[in-house]
Every structure is written in structure tokens, then in C-alpha cells.
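Descriptive analysis of the structure
Single-letter residue listing:
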Amino acid sequence: MMLRQLEYLVALANEGHFARAAEECAVSQPALSEGIRKLEKELGAPLVRRSHAFQSLTVEGQTVLKWARKLLKDHESLKQEIAHYQHGLNGTLRIGTVPAASSTVATLTDKFARAYPEVGINVQASLRSEEIVRQIRNYELDAGLIYAEPQDVAGLLVYPLYAEEHVLLTATGVLAQDAVVPWSSALELPLCLLDSSLRGRQVLDQTLSEHGLEVSPRIECDSIVTLLAHVSTGNWASIVPRQWLPPLGTLPGIELTRLDDPQVTSQISLVMEDDNPLTLMTRALQKIIFEIFPSTNGASSSLHN
């Protein structure tokens, strides 16, 4: 069995098309097809359902795919570890984040990039928690910032980073200079909020419902920038976690106001695969997490079914 054959299978699963998979692997389509056939022959089982084109992986193919992704990841980690002795840590750190953490992730990536200048960083923002977990399990991401539900992160390392605290955003001068605004008053404003399909918004809706309150935004979106743009017009308000804001710096023309009870909060956690041993890349990220969020040191958990 050759690693190259495993690469072909992973590319075919990702692309769902022989020609695109061959292009991804920089080989001809016949070479890719032959490589996969040799893998099937060696393992003694069909891995791919074919007609005139790719249909799907077989049950055996799905099993091999899971191992192929792990073996390729381990191979890459091995190369990184050896190269580290000569040139320091290099490669690419891949992080996924839910929209509610797409600005706070900069706190981690900025410090990581300065600590490890030879490492590239790829951030996939605006992913859902379940998609981030899926990609981590498939070794497509190294880590993710999510709303971690115990039933969804079994077997992963979980580092609780911070609890969100919601605040009201308005354009300067829209509200009187009150230190605190009641939730009931805030909910009467024309609101632009996160999309109701996103976990952060669902936490907000659920908590308010438990207190007999209901939120009905006129505008919904999945982007922090879009929310802030609407607020800056002076015609819309928004309710966001306070932790979103420091990484964005000064927001000219926008005011932050605290909200009175009920307290609406939810936990943002960083999750990663519980490999033994951890890869050099994830150990480096772990070190940065402990420096920025000291309370997480020793507080991580590996949840099992």
C-alpha cells in the first residue's frame, strides 16, 4: 500500500469526481483510477461504486477513507516533527470557527503567528459547530471554536475559553446615556441579529423565551461585519456578545450598552482531536491557548461515549 493511493481515495471522496480528483492530485485520470484499483486489489474489497462515473464509496471504502485520512495526517505530522529540528515548526494550522467567534479567533491566531513565524494559518469562518466537529474528526481541521455540546464532541479535547456576555449596539446618539438598558426595551428596537439557524442566536432565543420574552429581528445575517454595517446606519440596533468587540478595535459611531437581567450567556470552547501523541502543531496551539486563557490549563476534557 502506498500513501499516494490513499491520497487518490481521499481526493476522490472530497471531489466526488474522477477528473477533478486527478486534477487535485496532479496526475492523469487513468493513473488515479489505476492507483485506486491497485488499492482495492491489495485490500481484497471494492472501495468505489462505479458506472460510467463515480457514484459513491462502498461501506469498505468509507472505512478505508477514515484510516486514509488519519494515516496521511500522521505522515504530515511526522514530516513536521522531523523538519522542526532543523527549521522550527512549519506547515499550516487549520482552524474553523462559528460566526460568533470569527473575530475572537484573531486573539489566538495573531499570537500563534507571531510565536511561530514559519507556520501558515488558514481560518474557515462562518462554519456551524457540527461541520467543524466533522472536519476535525476527518482530519481536515486541526481545531475549532464552537458551542460545544457534550453529545457532539465525544472523544475530542475540549478547552472552555470564555462565556459570552450579550450587549446592545446602537449608533451614537440613538439612546439616552443610560448605563443599562432593560431587555424589554432593547427588544422593541429595530433589530439586526444573527440568523436563527445559528447556535449563538438559538441560545439567545431560548434564554429570552424562558423569561417570557421574544425577539423578532427585521434583518438576519451570518456576518459580524454585516451586523455592524447595519448598526452604523443609525436605523438598526443589534445584540451581540461583548467578546466580539475588542479584536475589532475602535468602532466609530457605534455605542455599547449593557443589558439588564436576564443574563444571556453561552460557552465558547476550542476543540481538537484527542490524538496520542498530539501533533506538534496542536501542541503548539495548546501552549498558546494556555497563555491567553490561563484558566483552561488543566481544565480540558476528553469526552467519551
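Computed from a predicted structure; not experimentally measured. (Residues numbered from 1 in each chain as written. Predicted model: local features only at pLDDT ≥ 70, side-chain atom pairs only at ≥ 80, totals over all residues. Heavy atoms only, no water.)

1. Describing the state of the cysteines
Evaluation of the coordinates by the stated rule reveals zero disulfides. Left without a disulfide partner, Cys221 is nearest to the cysteine sulfur of Cys192, which lies 4.2 Å away. (Disulfide = S-S within 2.5 Å.)

2. A short note on the packing of aromatic side chains
Counted under the stated rule, the structure contains four aromatic pairs. Here the aromatic rings of Phe112 and Tyr116 are separated by 4.9 Å at their centres, their planes lie at 45 degrees, and the arrangement is tilted. With a relative accessible area of 0%, Phe112 lands in the buried category. A relative accessible area of 17% means that Tyr116 is categorised as buried. With a centroid separation of 5.9 Å and an interplanar angle of 70 degrees, the aromatic rings of Tyr159 and Phe290 are classed as edge-to-face. In this pair, Tyr159 sits in strand β6 (residues 156–163) while Phe290 sits in helix α10 (residues 280–292), placing the two residues 131 residues apart along the sequence. (Phe/Tyr/Trp six-rings, centres within 6.5 Å; stacked < 30°, edge-to-face > 60°. Buried < 20%, exposed > 50% of the residue type's maximum accessible area, 1.4 Å probe, protein only. Helix = DSSP H or I, 4+ residues; strand = E, 2+ residues; numbered from the N terminus.)

3. Focus: the packing of helix α1 (residues 3–15) against helix α4 (residues 59–87)
Between α1 and α4, the shortest axis-to-axis distance is 9 Å and the interhelical angle comes to 120 degrees. One way to sum up the angle between α1 and α4 is to call them oblique. Note that α1 runs across α4; the crossing there is left-handed. Along the contact surface, α1 presents Leu3, Leu6, Glu7, Leu9, Val10, Ala13 and Asn14, while α4 presents Gly61, Val64, Leu65, Ala68, Arg69, Leu71, Leu72 and His75. Residue classes in the contact of α1 with α4 are distributed as ten nonpolar, three polar and two charged. (Axes fitted to C-alpha atoms, helices over the stretch in contact; angles between N-to-C directions. Parallel < 35°, antiparallel > 145°, perpendicular 65-115°, else oblique. Left-handed = near helix turned anticlockwise from the far one by under 90°. Contact = heavy atoms within 4.5 Å. Nonpolar A, V, L, I, M, F, W, Y, C, P; charged D, E, K, R; others polar.)

4. Comments concerning the nonpolar core
Grouped together as the largest cluster of nonpolar side chains are 54 residues, with contacts concentrated most on Phe112, Leu145, Leu161 and Leu270. Counting 21 residues, the second largest nonpolar core, distinct from the first, contains Ala22, Ile36, Val48 and Leu72. (Core = buried A, V, L, I, M, F, W, Y, C linked by side-chain atoms within 4.5 Å.)

5. Topic: the packing of α1 against helix α3 (residues 29–43)
In the contact formed by α1 and α3, the axes pass within 9 Å of each other and the chain directions differ by 110 degrees. One finds that α1 runs roughly perpendicular with respect to α3. In this structure, α1 crosses over α3, and the sense of that crossing is left-handed. Across the interface between the two elements, Gln5, Leu6, Tyr8, Leu9 and Leu12 from α1 touch Ala31, Leu32, Gly35, Ile36, Lys38, Leu39 and Glu42 from α3. When its residues are assigned to classes, the contact of α1 with α3 shows eight nonpolar, two polar and two charged.

6. As for the pairing of β6
Burial of β6 is extensive: six of the eight residues sit out of reach of the surface. In terms of strand pairing, β6 meets strand β13 (residues 267–273) through seven bridges, oriented antiparallel. What sits directly across from Tyr162, in β13, is Ile268. (Pairing = 2+ DSSP bridges.)

7. Regarding the sheet that holds strand β7 (residues 166–171)
Taken in spatial order, the four strands line up as β8-β12-β7-β11 in an open sheet, and their pairing is mixed. Every interior strand has two partners, whereas the edge strands, β8 (180–181) and β11 (238–241), have only one. Bridge count for β7 against β11 is four bridges, and the pairing is antiparallel. Across the sheet, His166 pairs through a bridge with Pro241, a residue of β11. Along the sheet, helix α9 (residues 224–232) makes contact with β7, β11 and β12 (254–259), crossing β7 at roughly 45 degrees.

8. What about the environment of Leu256?
With respect to the secondary-structure elements, Leu256 resides in strand β12. Residues Leu256 and Ile239, spaced 17 residues apart in sequence, show a C-alpha to C-alpha distance of 9.5 Å. With residues near it in sequence (within four places) discarded, Leu256 still touches Val167, Leu168, Leu169, Arg242 and Leu245.

9. Description of the side chain of Gln5
Note on placement: Gln5 falls in helix α1. Excluding residues that lie within four positions of it along the chain, Gln5 makes contacts with Gly35, Lys38, Leu39 and Glu42.

10. Examining the pattern of salt bridges
Scanning the model with the defined rule gives 17 salt bridges in all. One salt bridge connects Lys79 with Glu76, and the closest N-O pair in it is separated by 3.5 Å. With Lys79 and Glu76 both in helix α4 and three residues apart, the pair spans about one turn of that helix. Here Glu220 ties to Arg201 by a salt bridge, and the two come within 2.9 Å at their closest N and O atoms. You can see Glu220 sitting in strand β10 (residues 219–221) and its partner Arg201 sitting in helix α8 (residues 199–210), a full 19 residues away along the chain. Given the relative accessible area of 35%, Glu220 is considered partly exposed. When salt bridges that share partners are traced, they join Arg69, Glu131, Arg134 and Glu140 into one network. (Salt bridge = Lys/Arg side-chain N within 4 Å of Asp/Glu carboxyl O.)

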